[in-house]
Amino acid sequence: MSQEVKFNLPASEIPKEWYNLAPDFPVPMEPPLHPGTREPASADDMRAIFPDNLIEQEVTQERYVEIPEPVREIYALWRPTPLLRAVRLEKALNTPAHIYYKYEGVSPAGSHKPNSAVPQAFYNKEAGIKRLATETGAGQWGSSLAMACQLFGIECVVYMVRVSFEQKPYRKLMMHTWGATVHPSPSLATDFGRKILAEDPDCVGSLGIAISEAIEDTIKTPDTKYALGSVLNHVCLHQSVIGQETIKQMEMAGEGPDIVIGCAGGGSNFAGMAFPFIGRNLREGKSVKLLAVEPESCPTLTKGEMRYDFGDTAETTPLLKMYTLGHDFMPPSIHSGGLRYHGMSPMVSHAKELGLIDAKSYPQSQIFEAAVLFARTEGLVPAPEPAHAIRAVIDEAEKARESGEKKVILFNLCGHGMLDLAAYETYLSGNMEDPRA
Ligand SMILES: *Cc1c(COP(=O)(O)O)cnc(C)c1O
């Protein structure tokens, strides 16, 4: 073969530790606050919804956290994930740039989400918890947690944003297959859901509302804790397996990235890829650029404000210092359900505020144009979320063509689009609209 395109690591190279960016930040993050007192939230404030072992990971300043062996054994079902070079996309763009992508769609749920679902189910099981409540947008997190709970013998209940519950039946069916209970949110199962439905029976839902419902369920049901699929520090920690593996695979490929790109909804897949690179920038004086890409209709990092805000609509979470569009922001119902969140991971937000990363946004028609070009050159049909990263990759590759630069571009292809084909149909039939925030 003239050109190597796939860089695989053996199972022995599944990371043994997660990497935590927190101790490497040049300025420490500001803590979550109790909404009543505006004092730093205590472990007790978090104990109502999370087990102690995960609270410890949420606040740890250790640079490396050991991955428990039962978690690595499940990771081994699909990890290490492949790194590929997109030579046919490079050719189509006639660019001197080299384009690499880390493919997280090989997990059983089809995205990066099981990287955190598995340890979250494991630690809850260790803590004696019998049932986990959660929310899901397009269904990627709900299906990942349903699978992980099933593997550890825990019950799982999922509040799924209504617009996805109705438009995306397949992920709901995956959750049923893995034994979870799924409610459309807003639902009749909680006080908050009933209140919203009384005001607006046609409410399509949002992640903020679904989070409120899952938290209410947690507080009211014995032996139940809450699990969040993005945003929080421990989720970014778990996702660091992505970037750690990629650093080794880029070494196999014999080059290093000039720019690393990922889509950002709550920030976890971006963090998972970017944070190990940011750590090397800070500790080893490297200067890899990092770029987070988001929808123009939910532009948290590019148009939001960095301030304390609630993580949910009902104002039940601690206040998090993050980029936010406001906790009552109702994002328009775009096809990238995973990117419809009003806030952003406090760690990713802090990195942005310190100038350690850049951010950019695109309208969804430009996203699907990029997704289709990728599918037609590389074969793989990406989920609409990582297609945001692909759009930015193509722009970078075109810039390189103009300047003649031999740039190396790396991105995280965090999920496949085989359950998002209805969105492709809308695009291909010329009916895709670009709602604005
Ligand atoms: C959930 C999800 C996202 C958005 O969440 P992040 O925490 O920002 O990663 C993006 N892409 C895919 C495929 C997802 O499942």
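A brief look at the structure comes next. For every chain, the first residue of its written sequence is number 1, and the numbers climb from 1 along that sequence. With the structure being a predicted model, the display of local features is reserved for residues of pLDDT at least 70 and the display and counting of side-chain atom pairs for 80 or more, all residues being used for whole-chain, interface and lining totals. To get the side-chain values, all heavy atoms of the structure are used, and hydrogens and water are removed first.

1. Comments concerning the sheet that holds strand β6 (residues 131-136)
The criterion for strand pairing is that DSSP finds at least two bridges linking the strands in question. Strands are runs of DSSP state E lasting at least 2 residues, helices are runs of H or I lasting at least 4, and numbering of each runs from the N terminus. The strand order across the open sheet built from four strands is β8-β7-β6-β9, with neighbouring strands paired in parallel fashion. Every other strand in the sheet has two partners, leaving β8 (181-185) and β9 (224-226) as the edge strands with one partner each. Going across the sheet, the axis of each strand differs from the next one's by a mean of 25°, ignoring polarity. Here five bridges tie strand β7 (residues 155-161) to β8, and the two strands are oriented parallel to one another. Residue Val157 lies in a different strand from β8, and its bridge partner there is Thr181. Where helices are involved, their axes are fitted lines through C-alpha atoms of the stretch in contact, as for all axes, and angles between N-to-C directions lie from 0 to 180°.

2. As for the packing of helix α12 (residues 241-253) against helix α13 (residues 268-284)
One can describe the packing of α12 onto α13 by two numbers: an axis separation of 7 Å at closest approach and a directional angle of 60°. Taken together, the axis directions place α12 and α13 in an arrangement best described as oblique. Note on packing geometry: the crossing formed by α12 with α13 is right-handed. For the pair formed by α12 and α13, the contact residues are Ile242, Gly243, Gln244, Thr246, Ile247 and Glu251 on the first element and Asn269, Gly272, Met273, Pro276, Phe277 and Arg280 on the second. Each residue gets one label: Ala, Val, Leu, Ile, Met, Phe, Trp, Tyr, Cys and Pro are nonpolar, Asp, Glu, Lys and Arg are charged, and the others, such as Gly, are polar. Of the residues contributing to the contact of α12 with α13, the split by class is five nonpolar, five polar and two charged. Each angle is binned into one of four classes, with values under 35 degrees roughly parallel, values over 145 roughly antiparallel, values of 65 to 115 roughly perpendicular, and all other values oblique. When the near helix sits turned anticlockwise from the far one by under a right angle, the crossing is termed left-handed; a clockwise turn instead gives a right-handed crossing. The contact criterion used is simple: two residues touch if any of their non-hydrogen atoms lie within 4.5 Å.

3. Regarding the pattern of salt bridges
Side chains carrying opposite charge are able to pair once their charged atoms draw close together. What counts as a salt bridge is simple: a side-chain nitrogen of Lys or Arg found within 4 Å of a carboxyl oxygen of Asp or Glu. Summed over the entire model, instances satisfying the criterion amount to 27 salt bridges. Notably, a salt bridge pairs Glu166 with Arg162, separated by 3.6 Å at the nearest N-O pair. In this pair, Glu166 and Arg162 are both assigned in helix α7 (residues 162-167), four residues apart and thus about one turn of the helix distant. Between Asp191 and Lys220 there is a salt bridge; the shortest N-O distance is 2.7 Å. Of this pair, Asp191 sits in helix α9 (residues 191-199) while Lys220 is found in helix α10 (residues 207-220), placing the two residues 29 residues apart along the sequence.

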